[in-house]
Amino acid sequence: TPFLQIDAEEVEYLLREMSLEEKLGQLIFLDTELTKSVTKDSLYKWSSAQLLGGLVLKNTTVPEYIRIVERCKRSSKSDLLTGSWERTNLNNHFKNLTKFPSQATFASIGQDSILKFAQSVYSKQKSALDLDFIFGPELNPELDAAGKYNTDLKTNDLFTQMKLDLKELKENNRNGILSIGDTFKDHLEITNDTLGIKSKALQKYYNLSMNGLQAMLVKSDLFLKDSLVDRPIDYIKTYLFDEINYDGLVFCKLESATQLEDAIYAGTDVFILDQNPQAARDSLFSLFKSGFLTEELLNDKVARVMKAKEWIKKQKIQKGFDHQLVSEYIGHPIYESLVEDLYQQSVCVLKNNGLLPFKHLDQFNLNYHFYSDKDFVEFKNTCALYNESNSENLHKPEDVYRSFPDSLVLKSRARIIVLDKINLNTDHDRFIQSINKLCETSSVLLINYGNPLNFKWFSNKINAIQIFERNAITEKAVAEIIFGARVPKGISQIQISPSFKAKARNSFSKRRLVYVNPEEVNIDPNRLSMVDSIMLKAIEEKAIPGGQILVAKGGSVFYSKSFGYHTYDKKQKVTNDDLYDLASLSKICGTTLSVMKLYDQRKIALNDKVGKHISLIAGSKMRNISVSNLLLHRSNLQPNMPIKDYVFLPDSLLADCDYKYCNTKRGAHDIEIADEFYFNKKYQDSLWLDVLDIKPYKQSKYRYSDVNFNLLQKVVEKKTRQNLDEYCNKQFYSKLGLKQTLYNPLNKFNAKQIAPTEQDQKWRKQLLRGYVHDEYAALQGGVSGSAGLFSSAEELAVICQMLLNKGQYGGTRFINPKTIDLFTSVPVGSKRGLGFDKPRGKYTESCSSKASDATFGHSGFTGTCIWIDPESDLVYIFLSNRIHPKINNNKLFKRKYRGQIHTAIYEALDTYQARVPGQIEDEVSQVEMK
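Residues numbered from 1 in each chain as written. Predicted model: local features only at pLDDT ≥ 70, side-chain atom pairs only at ≥ 80, totals over all residues. Heavy atoms only, no water.

How would you explain the overall build of the protein chain if you had to name every residue and give the values?
Across its full length, the protein chain carries 31 helices and 30 strands. With the principal axes as the frame, the protein chain shows a C-alpha extent of 120 × 55 × 55 Å. Every one of the 930 residues in the protein chain was classed for burial, and the buried ones make up 58%. Counted over contacts in the protein chain with a minimum sequence separation of 6, partners at least 24 positions apart contribute 72%. (Helix = DSSP H or I, 4+ residues; strand = E, 2+ residues; numbered from the N terminus. Buried < 20%, exposed > 50% of the residue type's maximum accessible area, 1.4 Å probe, protein only. Contact = heavy atoms within 4.5 Å.)

Okay, here's the thing in structure tokens:
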């Protein structure tokens, strides 16, 4: 024990100068927080009265702690030691600060640079607060009596734990901090130990003792539960010396001063209490007067405490609080993101039998079973971003005593079972066996919060995720991991069973979008306030009543926000779940995707002529228009569809019916184009004949035309033998897990969830809400090649990311990479890509001039746009209903609000410079920070 090397003469001099009351006070340590009975004034009074040898003051603010401790130290004649129970970060010692994870969580983190940084911070914090002692290292890697796993441990492997403990011990000793091992509990009374049980049990203590452990906290049960009649005085201290060669300080934590006699008899040196120390000193005084606590014994205990204090004083380079370090290292703003990172990276996939991450969501039925007293709100909300659950079953924790409720097992179904702080044992055999049986016929994922040894009961056919602490961060991270939005980085330090070994680590690549804070993609969140400002200005100037903006970088959504209202009367706020009429975004998110898929399958060639795929009128001049010219808008066809004879009729909306329209669904009048407004489907053929009768212009040049994409729709439908909406949903939307991207949204959603468009005064004579605004698309039953699609920004982001990923998303290949490159590039002599628009300076008011030449996207008449920049790995989505209530509102275009927002996003890239604690110090500034 290092402190025993202190010169005895120095201590003897101190002892001679101390009164009896002062000596007794040296043996009392107070572990407390401010209450009605423990106030600042009482602490000042007790320290002045020399009642305290040490103090652990918890759950205060940092300034309050410093003021109290400094005053107590000044008023105490001998050194007043201060310490903490915290062993990961001293933020946890104080109230109102970001709380750091447990030791077990720390041990599961798979990124060394983050761990090293966190450990460096903790070391600086101890120095900043001038701590004299720490309760640690943890001494017991085993389970407790109730079978719970101790989250103060990093592993249950004795050898590994000892190595980690020795490292912690040596660091504290170097810095003049007394390590109080927590907790000694193995007082084994074995007369003839032929099996060596005692030596095995005590090995963990022996190694620390031989390497300089200076203090040990003894479990109070060892000397409080049994009679002392048959035990010699100092039996615990003697036992520690005889068995593990330990000669350091012996601490005990007592509930009251009445337990002092038993503690002294056992050989304890220092007594930790959480209440008035006056009562403890009075009891010690009585025991001294009665002769139970002899002067020799008292002097020996006090001398050992004083030697420890002298050793601490001599080891320390710095004395007292370092206020600069305190302000730098305690409560630093970056800790919030650091803690989030720590928790995210602690999630460990222990076993993956090919289930994770979930793929083919259109063929996958997910059923969730939660065994918990509290709902998993964050987990469910995050899962909902990727897939709708088929069922959510909430079970009480005690339900694990019964068999798992599963009367029907489908091969395509995955069961997700979530255990929240449940400790399984043989009493839960019915539940365990039913899960193992289920694993034989179905995919089962067990998500376990808490005791990792729960997994020892299960078959190796189970898929397993372990998390030690449940909070909003870990709930979200687990959901992201199972859907492939986040890469699992956790590593198990726990030896569970032959099927679940220590160092287990299963990882896979990121496959879906993840939602992150801007800092995670190196963006200063303050710079994004400009995006808010521009959007709010657009709303204030009534360019739009509201809208949605989403921005993603590298597959991480760092900005997803809704603004304003559905209408200018401000009755309904826009939310991220609301749907918008995408207008011409339908061209790229529906028709172009379909053409690309058919091109991949060699069912369509770009140089194919329209006449090859569509039956045309004899002599039609459309026959020789190529598919590529339709995509490039170089077909020489007129911009608009020939619908003047079908819309804007003065008598279009009658009280009853005419040959084209009817106010009720009857007979052939079954094409619903607005509320109580139906079109006669027989006239769809007439309308199509009018389309086919269009004569191309003689002059060949770029002309943007809806006719092009409505012709492409017919090509797609001819080749697939499916309607465009059915084909898109089957080939793309359903497989991508999209539920809000669809044509004719009123078939599935309430009108209140859909932003309205025009107050149509000319034709449909009503507010359009959920019915497509584009007239031709309406006449076609809501589905056309140029318009008709509805969606939200968050779902469009999935389509955009699939394109940015070169046609792959969620582990599924949708389009070949070469096809993506071909369609998004600009052919010679063109201004656009194949189906996609490209940045063209001032002519693309919705796209920033800072966008790279590789950028591709489109805009929509209703006030929408998408821009995807492969060079910046950036997705930008803007949705609004700028045509509400009138289509002649062009403020959004004229003032280029969408382009301004896009520019503000580019200007925010690579702006985040995290100021880490101690940035000026070389050892910290060089640590890699995310």
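I'd like to hear about the pairing of strand S14 (residues 463–467), residue by residue, with values.
S14 sits mainly inside the fold: five of its five residues count as buried. Burial along S14 is two-sided: Asn463, Ile465 and Ile467 and Ala464 and Gln466, pointing in opposite directions, are all buried. Direction of pairing for strand S9 (residues 348–351) relative to S14: antiparallel, over a ladder of three bridges. Across the sheet, residue cysteine 348 finds its bridge partner in S14, namely glutamine 466. Relative to S14, strand S13 (residues 443–449) runs parallel, the two being bridged by five bridges. In the sheet register, isoleucine 447 faces S14, and the bridge partner there is isoleucine 465. (Pairing = 2+ DSSP bridges.)

Requested: an account of the state of the cysteines, with residues and values cited.
Applying the stated criterion across every chain, the model contains one disulfide. Put simply, cysteine 657 and cysteine 662 are joined by a disulfide, and their sulfur atoms are 1.7 Å apart. Take cysteine 348: it sits in no disulfide, and the sulfur closest to it among the cysteines is that of cysteine 439, at 18 Å. What makes cysteine 348 buried here is its relative accessible area of 2%. (Disulfide = S-S within 2.5 Å.)

Could you give me a rundown of the packing of helix H15 (residues 335–344) against helix H18 (residues 472–482), with the residues and numbers involved?
Relative placement of two packed helices is described by the angle separating their axes and the distance separating the axes. For the pair H15 and H18, the least separation of the axes is 9 Å and the interaxial angle reads 50 degrees. Our classification of the angle between H15 and H18 gives oblique. The crossing of H15 and H18 is right-handed. Touching Glu340, Tyr343 and Gln344 of H15 are Ile473, Thr474 and Ala477, all from H18. Looking at the contact of H15 with H18 residue by residue, the classes come out as three nonpolar, two polar and one charged. (Axes fitted to C-alpha atoms, helices over the stretch in contact; angles between N-to-C directions. Parallel < 35°, antiparallel > 145°, perpendicular 65-115°, else oblique. Left-handed = near helix turned anticlockwise from the far one by under 90°. Nonpolar A, V, L, I, M, F, W, Y, C, P; charged D, E, K, R; others polar.)

Any details on the environment of valine 772? Residues and values, ideally.
The topology assignment puts valine 772 in the loop between strand S24 (766–767) and helix H26 (775–779). When the C-alpha atoms of valine 772 and alanine 755 are compared, they prove to be 11 Å apart, with 17 residues separating the residues in sequence. Those residues in contact with valine 772 that sit more than four places away from it in its chain are Asp581, Arg764, Ala777, Ala778, Gly782, Gly788 and Phe790.

With reference to specific residues and values, describe the sheet that holds strand S21 (residues 677–680).
Taken in spatial order, the three strands make up an open sheet running S19-S21-S20, and their pairing is antiparallel. Both outer strands of the open sheet, strand S19 (661–662) and strand S20 (669–674), are each paired with one neighbouring strand and no more. Sheet contacts for helix H23 (residues 682–692): S20 and S21; angle to S21, the most-contacted strand, approximately 65 degrees.

So what's going on with the environment of proline 870? Residues and values would help.
Looking at the element boundaries, proline 870 is found in the loop between strand S29 (864–869) and strand S30 (874–880). Contacts of proline 870, omitting those with residues within four sequence positions, involve Leu804, Ala854, Thr855 and Phe856.

Describe unusual backbone geometry, naming the residues involved and giving the relevant values.
With an omega dihedral of 10 degrees, the bond running from aspartate 182 to threonine 183 counts as a cis peptide bond. Across the junction of leucine 356 and proline 357, the peptide omega takes the value -10 degrees, indicating a cis bond. Its location among the elements puts proline 357 in the loop between S9 and strand S10 (365–371). With a phi close to 50 degrees, histidine 360 is a non-glycine residue in the positive phi region. Relative to the helices and strands, histidine 360 resides in the loop between S9 and S10. Unlike most non-glycine residues, alanine 583 shows phi in positive territory, near 55 degrees. Of note, alanine 583 is situated in the loop between strand S18 (580–581) and helix H20 (585–600). With a relative accessible area of 8%, alanine 583 lands in the buried category.

Before we move on, can you summarise helix H27 (residues 793–804) with the specific residues and values?
For H27, built from 12 residues, the straight-helix expectation of 16 Å at 1.5 Å per residue is met to within 8% by its first-to-last C-alpha distance of 16 Å. Every buried residue of H27 is listed here: Ala793, Glu794, Glu795, Leu796, Ala797, Val798, Ile799, Cys800, Gln801, Met802, Leu803 and Leu804. Looking one or two residues past H27, lysine 806 carries a phi angle of roughly 60 degrees, positive in sign. (Expected span 1.5 Å × (residues − 1).)

Would you mind going over the pairing of strand S5 (residues 178–184) in detail, with residue names and values included?
Side-chain direction in a regular strand flips from residue to residue, so the side chains alternate between the two faces of the sheet. Burial runs high along S5: seven of the seven residues are buried. As paired elements, strand S4 (residues 133–138) and S5 share four bridges and run parallel to each other. Bridging from a neighbouring strand, phenylalanine 133 pairs with leucine 178 of S5. Bridge analysis of S5 against strand S6 (residues 215–218) gives four bridges, and the strand direction is parallel. When the sheet's bridge partners are listed, phenylalanine 184 is paired in S6 with valine 218. Handedness of the β-α-β unit built from S5, helix H8 (residues 197–209) and S6 comes out right-handed. (Right-handed = clockwise from strand over helix to strand, strands pointing away.)

Talk me through the environment of leucine 724; I want residue IDs and the actual numbers.
With respect to the helices and strands, leucine 724 occurs in helix H25 (residues 724–733). You can call leucine 724 buried: its relative accessible area is 0%. Linking leucine 724 and glutamine 699, residues 25 residues apart in sequence, is a C-alpha distance of 31 Å. Here leucine 724 is in contact with Thr591, Ser594, Gln713, Val716, Glu717, Tyr743, Val783, Ser784 and Gly785, once residues within four sequence places are set aside.

So, H8: which residues are in play, and what are the values?
Over its 13 residues, H8 runs 19 Å from end to end, which matches the ideal 18 Å to within 8%, given 1.5 Å per residue. Of all the bends in H8, the greatest, near 55 degrees, is centred on glutamine 203. Tucked into the core, H8 has its buried residues touching S4, helix H7 (158–174), S5 and helix H10 (235–244). (Bend = angle between axes of the 7 residues up to and from the residue.)

Residue-level account of the pattern of salt bridges, with values.
Where charged atoms of side chains with opposite charge meet at close range, the side chains can pair. Tallied over the entire structure, the rule returns 37 salt bridges. The partner of arginine 915 in a salt bridge is glutamate 328, and the shortest N-O contact between them spans 2.6 Å. One end of the pair, arginine 915, is in the loop between helix H30 (897–908) and helix H31 (922–925); the other, glutamate 328, is in helix H14 (residues 323–329), and 587 residues separate them in sequence. A residue is classified by how much of its surface remains accessible, and glutamate 328, at 15% relative accessible area, is buried. We note a salt bridge from aspartate 837 to arginine 832, for which the minimum N-O separation is 3.6 Å. Among the ionic contacts, a cluster of salt bridges with common partners joins Lys73, Asp130, Asp132 and Lys316. (Salt bridge = Lys/Arg side-chain N within 4 Å of Asp/Glu carboxyl O.)

Go over the side chain of threonine 864, please, and point to the residues and values.
With respect to the element layout, threonine 864 can be found in strand S29. Within polar-contact distance, the side chain of threonine 864 engages the backbone oxygen of leucine 582 at 3.1 Å. Residue contacts for threonine 864: discarding those within four places in its chain leaves Asp581, Leu582, Leu585, Ser859, Phe878, Leu879, Ser880 and Arg898. (Polar contact = N/O pair within 3.5 Å; in protein donor to acceptor, adjacent residues only side chain to side chain.)

Tell me what's going on with the sheet that holds S5, and back it up with residues and numbers.
Strand order in the closed barrel formed by eight strands is S1-S2-S3-S4-S5-S6-S7-S8, with parallel pairing between adjacent strands. Within this sheet the neighbouring strands show an average axis-to-axis angle of 30 degrees, counted without direction.

Tell me what's going on with the confidence of the model for the protein chain, and back it up with residues and numbers.
Counting all residues, the mean pLDDT for the protein chain is 91, and 96% of those residues have values of 70 or more. Note that residues 920–930 has pLDDT below 50 and, in this model, 23 contacts with residues that lie over four places away or in other chains. (pLDDT = per-residue confidence, 0-100.)

Tell me what's going on with the packing of aromatic side chains, and back it up with residues and numbers.
Per the stated rule, a full pass over the model turns up 30 aromatic pairs. Each ring, one from tyrosine 661 and one from phenylalanine 679, has its centre 5.5 Å from the other, and the planes form 40 degrees; the classification is tilted. Highlighted residues: tyrosine 661 in strand S19 and phenylalanine 679 in strand S21, separated in sequence by 18 residues. A single burial state applies to tyrosine 661 and to phenylalanine 679, both of which are buried. Aromatic ring contacts, followed pair by pair, group Phe29, Trp85, Phe133, Phe135 and Phe251 into a single cluster. The ring centre of phenylalanine 500 lies 5.5 Å from the NZ or CZ of lysine 351, which sits over that ring. Between the NZ or CZ atom of lysine 714 and the centre of the ring of tryptophan 688, over which it lies, the distance is 4.9 Å. (Phe/Tyr/Trp six-rings, centres within 6.5 Å; stacked < 30°, edge-to-face > 60°. Lys NZ or Arg CZ within 6 Å of the ring centre and 35° of its normal.)

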